[in-house]
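# Structural characterization, general
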Amino acid sequence: MRFGHFDDARREYVITTPKTPYPWINYLGSEQFFGLVSHQGGGYCFYRDARLRRLTRYRYNNVPTDSGGRYFYINEGGDTWTPTFMPMKKELSFFECRHGLGYTQITGTRNGLRAEVLYFVPIGQTAEVHQVTLKNEGSTPKRFKLFSFVEFCLWNAHDDATNFQRNFSTGEVEVVGSTIYHKTEYRERRDHFAFYHVNAQVSGFDTDRESFIGLYNGFGDPDVPSAGESKNTVASGWSPIASHGLDVTLAPGEEKKFVFLLGYVENPRAEKWEKPGIINKTRAEQLIAAFSSSEQVTAALGKLREHWEGLLSNYAVESGDEKLNRMVNIWNPYQCMVTFNMSRSASYFESGIGRGMGFRDSNQDLLGFVHLVPERARERIIDIASTQFADGSAYHQYQPLTKRGNNDVGSGFNDDPLWLILGVSAYIKETGDYGILDEQVPFDNDPNNAATLLEHLKRSFDHVGHNLGPHGLPLIGRADWNDCLNLNCFSETPDESFQTTGNRTGRTAESVFIAGMFVHIGPDYAKICEYKGQSAEATRARAEVAKMERAVLEHGWDGEWFLRAYDFFGNKIGSKDCPEGDSKILIEPQGYCVMAGIGVATGEAKLALDSVKERLDTRYGIVLNNPPYRDYHVELGEISSYPPGYKENAGIFCHNNPWVMIAETVIGRGERAFEYYKKIAPAYLEDISEIHRTEPYVYSQMIAGKDAPRHGEAKNSWLTGTGSWNFVAISQYMLGVRPEWDGLCVKPCIGKEVPEFTVTRKCRGATYRIHVKSTGGTGQVKLVVDGKPIEGVIVPFAKPGSTVHIECEAS
Ligand code: BGC
Ligand code: NOJ
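Now for a description of the structure that goes with this document. What you are looking at is a predicted structure, and each value in this text was computed from that prediction instead of being measured. (Residues numbered from 1 in each chain as written. Chains lettered and ligands numbered in written order. Predicted model: local features only at pLDDT ≥ 70, side-chain atom pairs only at ≥ 80, totals over all residues. Heavy atoms only, no water.)

### Brief notes about the site of ligand 2
- Neighbouring residues of ligand 2: R344, R355, R360, D361, W481, N482, D483, E648, F653 and Q701.
- In this structure, R355 approaches ligand 2 through a side-chain N or O atom, which is 3.0 Å from an oxygen atom.
- D361 has a polar side-chain atom sitting 2.7 Å from an oxygen atom of ligand 2.
- Here the shell around ligand 2 is composed, by residue class, of 2 nonpolar, 2 polar and 6 charged. (Near = heavy atom within 4 Å. Polar contact = N/O pair within 3.5 Å; in protein donor to acceptor, adjacent residues only side chain to side chain. Nonpolar A, V, L, I, M, F, W, Y, C, P; charged D, E, K, R; others polar.)

Put into structure tokens, the structure is as follows:
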């Protein structure tokens with residue numbers, strides 16, 4: 001069942017009923033200022049850091065769900081309603097939400113009054129525009145009241161939600177004309193404030209929540225809108241809000257627009273005050289002046305559209321499959337931008353106070369993003385690498401505002417360092433900017449202890465070699481990619497986090513997955529060394545990779561698939577020999593080892609992927625492990641804590657499905673890769689939205705597996721490495737166009753189902769137009785470049801400004 005439709009020409013998803021199976025959200029902003037907005041106006045915004053600079057309040061896991069947002073109330077002759085449907089839930093004769101790239105437009109009509117709210121963050125600004133367009137569609141004049149509403153968060157979202165003994169007494173505002181300033185804590189250590197403005201004369205305002213809503217009321221039955229009169233309250237402590245009251249009249253057919261601006265301003269310390277106790281508003285006034293008319297809003301929205309048009313033109317496919325086109329051309333890269341910006345911090349499943357920028361996550365997010373804005377990828381790489389420790393290991397996350405690593409979600413995950421090599425390689429392949437390797441980058445943000453980025457990569461590479469276990473396989477540490485495979489934790493105490501609890505510093509538990517990563521990523525490190533003239537180091541690296549490959553085949557092979565790991569006691573994990581009730585096969589090493597090429601020549605790769613098909617594939621995607629762990633195992637940790645079929649215990653973890661897709665292309669089975677692709681790509685799931693439940697335009701982290709009662713139901717949409725990896729799988733391996741070290745690799749492997757397509761790829765300033773006839777999915781290709789047949793699959797990089805025409809026959 002559908003709850004809307006794609007409008008590809010406008011690059012929008014159009015939701016036609018407020019009653020979607022879950023709030024379907026969008027993101028505003030892509031640089032410094034961000035907002036989340038649901039299809040019914042719920043959500044919040046923040047400056048850079050969802051934890052430390054939260055502008056508006058949002059209560060997670062609320063009842064009803066998704067209460068709280070930027071709301072507009074209309075009171076026409078005593079009939080009070082909200083055009084976003086929530087929070088008043090009054091019946092609307094028309095409802096539509098259009099989620100576009102960086103903007104959302106929600107329209108509701110009642111009693112012949114059409115109210116459209118457009119939300120977006122203009123490029124380069126630290127503010128949200130909320131433009132309200134009101135139209136009288138009836139035949140008699142209308143006179144009504146419009147009330148805006150936002151509830152401020154007292155900046156630190158964690159403190160705001162917990163420390164009431166203090167923060168019920170700190171709230172402060174100023175009101176000047178049509179602008180409400182939120183200045184809590186500005187009197188002391190903060191140099192920033194927020195404001196909410198409207199470009200019209202107000203008939204009243206409110207800044208005190210209790211007065212506006214009523215202590216025992218909710219957002220759905222607020223006092224002021226229902227009474228139709230603002231109370232002109234000035235908050236003192238408790239919960240500051242901002243509400244403008246406007247008198248509006250509309251002749252039949254008449255339309256009026258109001259521009260509301262919710263902004264964030266920072267003042268230099270010396271310029272904080274206009275006079276004692278009164279904030280210096282100069283910067284706010286400049287921002288307001290830039291968005292005081294609807295013409296300015298239209299121009300800014302136009303710029304935003306152009307901006308996206310430019311970004312998306314770097315990779316585009318035209319094929320006969322409209323779902324494929326819309327995933328590759330619009331929604332998948334859009335999600336990649338959002339994950340790049342947010343990492344795992346703020347979504348409707350990530351509270352913004354739990355997690356910041358993940359070391360492994362952000363490196364993987366780069367993969368699907370680097371072709372959009374390579375300069376920002378470069379900056380991110382330096383930020384990430386600056387948190388690395390001198391021994392190559394890493395904090396698991398850092399806070400975006402401070403850019404400093406912290407141990408809040410643990411450390412000692414032994415896969416972390418290798419992802420840095422992958423991220424840097426992807427960046428250099430895209431840009432050719434080898435100069436990044438010479439950048440001086442600190443360890444643990446200590447400027448007195450810095451080395452080149454190349455040296456950081458060496459430490460990453462060596463971290464594996466310095467931490468090998470009894471079988472010559474990498475020690476897993478706290479966990480590897482699978483945060484929940486906690487082989488050294490032995491946690492028996494409820495409430496401890498598996499990621500931060502005491503860890504036995506065992507030197508036995510080994511990960512076949514990290515071994516696969518090492519074999520996959522190691523050759524890139526060797527290549528980098530070669531480019532830097534360090535051929536001895538390149539030779540050494542290749543020898544270590546070869547040794548690791550042998551160790552995998554010798555100790556990591558189980559007969560029909562790759563083992564997952566050895567535990568603390570040296571027992572096998574993910575083996576046919578595992579006892580009843582334990583998993584016998586896990587997905588990660590199957591995908592990753594084959595991606596690395598392990599066992600391709602000798603047959604293990606094919607066997608492993610056949611086992612995936614037989615034991616892990618379901619109608620909704622590939623589950624992580626099978627059978628699921630039935631009981632809690634203290635020696636395995638969190639993986640066995642989940643009920644069967646959810647999350648890392650046999651959920652369909654969409655992040656690692658694309659590893660299997662890529663692996664299938666490595667052994668020349670493009671048809672199967674594409675079959676897996678379609679099972680989880682959201683556009684293909686639109687018709688089963690009532691089962692899938694999350695947004696049909698973005699990936700979710702997890703879909704309940706076959707062992708769960710709710711098989712097929714997704715959770716944790718938006719912020720997941722799934723976005724990047726699926727983009728890599730489809731664009732670089734199935735459609736088969738990716739930058740490599742020495743040129744653009746063109747090697748489609750998708751099969752007959754997509755018999756003909758054209759990819760336009762911009763890379764290093766040149767444009768490549770690649771026309772593909774696909775008669776089979778074995779990965780065999782013949783290329784004709786600008787009329788001349790070439791050997792192999794690498795098209796040398798062309799001069800900036802040039803266009804290269806490539807004809808490709810893929811069989
Ligand atoms: C989840 C993982 C997640 C981890 C983060 C676990 O509970 O299952 O998916 O990566 O928490 O700390
Ligand atoms: C989500 C985490 O963000 C990611 O880093 C991890 O790899 C997966 N969960 C699997 O546990």
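### What to know about the packing of helix α8 (residues 359-369) against helix α9 (residues 374-385)
- Between α8 and α9, whose axes approach to 11 Å, the crossing angle comes to 165 degrees. Relative to α9, α8 is oriented roughly antiparallel. Considering the relative orientation of α8 and α9, their crossing is left-handed. Across the interface between the two elements, F359, S362, N363, L366 and F369 of α8 pack against R376, A377, R380, I381 and I384 of α9. (Axes fitted to C-alpha atoms, helices over the stretch in contact; angles between N-to-C directions. Helix = DSSP H or I, 4+ residues; strand = E, 2+ residues; numbered from the N terminus. Parallel < 35°, antiparallel > 145°, perpendicular 65-115°, else oblique. Left-handed = near helix turned anticlockwise from the far one by under 90°. Contact = heavy atoms within 4.5 Å.)

### Description of the pattern of salt bridges
- One pass over the full model with this rule turns up 67 salt bridges.
- Of the charged contacts, one joins R70 and E128 as a salt bridge, the two residues approaching to 2.6 Å between their closest N and O atoms. Of this pair, R70 sits in the loop between β6 (54-56) and β7 (71-76) while E128 is found in strand β12 (residues 127-136), placing the two residues 58 residues apart along the sequence.
- Relative accessible area serves as the criterion here: at 1%, R70 is assigned to the buried category.
- Note that R110 and D79 form a salt bridge whose closest N and O atoms lie 2.9 Å from each other. Here the residue R110 occupies a position in strand β10 (residues 103-110), and D79 occupies one in strand β8 (residues 79-81), the gap between them amounting to 31 residues.
- Assessed through its relative accessible area of 17%, D79 is described here as buried.
- A network of salt bridges, in which partner residues are shared, links D7, R10, E12, E96 and R98. (Salt bridge = Lys/Arg side-chain N within 4 Å of Asp/Glu carboxyl O. Buried < 20%, exposed > 50% of the residue type's maximum accessible area, 1.4 Å probe, protein only.)

### Section: the environment of F144
- One can find F144 in strand β13 (residues 142-155).
- When its relative accessible area of 3% is taken as the criterion, F144 is described as buried.
- Not counting the four nearest positions on each side in its chain, F144 is found in contact with I74, N75, E76, L113, L134, L246, D247, V248 and L250.

### Digging into the state of the cysteines
- Tallying each qualifying case throughout the model produces 0 disulfides.
- Free cysteine: C745, not disulfide-bonded; nearest cysteine sulfur from C808 at 10.0 Å. (Disulfide = S-S within 2.5 Å.)

### As for the sheet that holds strand β44 (residues 794-796)
- Strand order in this open sheet of 3 strands is β38-β39-β44, and the pairing throughout is antiparallel. Two strands lie at the open edges of the sheet, namely β38 (737-739) and β44, each paired on one side alone. With direction set aside, neighbouring strand axes in the sheet form an average angle of 25 degrees.
- Pairing of strand β39 (residues 743-746) with β44, which is carried by 3 bridges, proceeds in the antiparallel orientation. Bridge assignment links C745 to a residue of β44, and that residue is I794. (Pairing = 2+ DSSP bridges.)

### A closer look at empty space enclosed by the protein
- A full pass over the atoms with the stated rule returns 4 cavities of 30 Å³ or more.
- Of the volumes computed, that of the largest cavity is approximately 60 Å³.
- Forming the boundary of the largest cavity are G29, S30, E31, Q32, F33, V121, P122, I123, G124, Q125, L304 and H307.
- Here the lining of the largest cavity is composed, by residue class, of 5 nonpolar, 6 polar and 1 charged. (1 Å grid on protein atoms, 1.4 Å probe; cavity = no way out; pocket = protein on both sides within 12 Å on 5 of 7 lines; lining within 4 Å. Points joined across faces, edges and corners; volume = space filled by probe spheres on them.)

### Here's the deal with the side chain of N445
- In this structure, N445 sits in the loop between β26 (440-443) and β27 (446-452).
- For N445, a relative accessible area of 16% puts it in the buried group.
- Apart from the residues lying within four places of it in its own chain, the contact partners of N445 are S386, T387, K403, R404 and G405.

### With respect to the pairing of strand β5 (residues 43-47)
- Burial of β5 is extensive: 5 of the 5 residues sit out of reach of the surface.
- Alternating positions in β5 separate into two faces, G43, C45 and Y47 on one and Y44 and F46 on the other, with burial throughout.
- Where strand β4 (residues 33-38) lies against β5, 5 bridges are found, and the strand directions are antiparallel. Directly across from V37, in β5, lies its bridge partner G43.

### Notes on the environment of F193
- Within the secondary structure, F193 sits in strand β16 (residues 192-198).
- Distance from F193 to N267, taken between C-alpha atoms, is 8.6 Å for residues 74 residues apart in sequence.

### Points about a nonpolar patch on the surface
- Side chains of F164, F168 and W238 sit close together on the surface and give an oily, nonpolar patch of about 310 Å² of accessible area.
- With respect to the element layout, F168 can be found in the loop between α2 (164-167) and β14 (173-176). (Patch = residues over 30% accessible without salt bridge, like charges linked within 9 Å, V, L, I, M, F, W, Y side chains within 5 Å. Areas by Shrake-Rupley, 256 points an atom, 1.4 Å probe, with all protein chains shown as cover.)

### Quick notes on the sheet that holds strand β22 (residues 315-319)
- Spatial ordering of the open sheet is given by β22-β40-β41-β45-β42-β43, a layout of 6 strands whose pairing is mixed. Each edge of the open sheet carries a strand with a single partner, namely β22 and β43 (788-790). When the angles between neighbouring strand axes are averaged without regard to direction, this sheet yields 20 degrees.
- Note: strand β41 (residues 766-774) against strand β45 (residues 803-810), 8 bridges, orientation parallel. Looking across to β45, one finds that R769 is bridged to H805.

### Observations regarding the packing of aromatic side chains
- One pass over the full model with this rule turns up 55 aromatic pairs.
- Here the aromatic residues F3, F6, Y13, W24, Y27, W308, W331, Y334, Y697 and W718 are joined through ring pairs into a cluster of three or more.
- Taking NZ or CZ as reference, R504 lies 3.8 Å from the ring centre of F490, over its face.
- The ring of F797 has R764 lying over it, and the distance from NZ or CZ to the ring centre is 3.8 Å. (Phe/Tyr/Trp six-rings, centres within 6.5 Å; stacked < 30°, edge-to-face > 60°. Lys NZ or Arg CZ within 6 Å of the ring centre and 35° of its normal.)

Function cannot be inferred from these measures alone, as they are strictly geometric.
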